Amino acid sequence: MSFSPGDRVRVKSTYPPGHRRTPWYIRGKAGVIERVCGAFPNPEELAYGFSGEPKRLLYRVRFSMGEVWPDYQGAGHDLIEIEIYEHWLDSARGEIQ
């Protein structure tokens, strides 16, 4: 599955925790693909001494601060962007925003 800028996605909420590039606080949250960063060796495999192949697509995903932290008191237009590998993302296209 490949995503494009503007696609709505949801970060998988899975255990075991996996790679630190997918922070626990963003798991299960919905956001929008901001850009495709490119394909890189899988850091979860590299951490265990494997080749990291096949390469995985990395995306920058934009989240509303209110989506990430429901008690957020800042401006409604505040955002956070996080780079997340494709295998941590599911399509959220049909979900209500």
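It should be emphasised that the depicted structure is a prediction, and the values quoted were computed from it without experimental measurement. (Residues numbered from 1 in each chain as written. Predicted model: local features only at pLDDT ≥ 70, side-chain atom pairs only at ≥ 80, totals over all residues. Heavy atoms only, no water.)

(A) Main features of unusual backbone geometry. That bond from Glu-53 to Pro-54 is cis: its omega, 0 degrees, falls within 30 degrees of zero. Looking at the secondary structure, you find Pro-54 in the loop between helix H1 (43-46) and strand S3 (56-64). (Helix = DSSP H or I, 4+ residues; strand = E, 2+ residues; numbered from the N terminus.)

(B) Structural context of the pattern of salt bridges. Under the counting rule described, the total for this entry stands at 5 salt bridges. The residue Arg-35 makes a salt bridge to Glu-34 at a minimum N-O spacing of 2.7 Å. Note that Arg-62 is salt-bridged to Glu-81, the shortest N-O span being 2.6 Å. On the criterion of sequence distance, the pair formed by Arg-62 in strand S3 and Glu-81 in strand S4 (residues 79-85) is long-range, its members being 19 residues apart. Judged by its relative accessible area of 36%, Glu-81 falls in the partly exposed class. (Salt bridge = Lys/Arg side-chain N within 4 Å of Asp/Glu carboxyl O. Buried < 20%, exposed > 50% of the residue type's maximum accessible area, 1.4 Å probe, protein only.)

(C) A look at the confidence of the model for the protein. Mean pLDDT over the protein: 89, with 92% of residues reaching 70 or higher. Of all the helices and strands in the protein, H1 carries the lowest mean pLDDT, 84, while strand S2 (residues 30-40) carries the highest, 97. (pLDDT = per-residue confidence, 0-100.)

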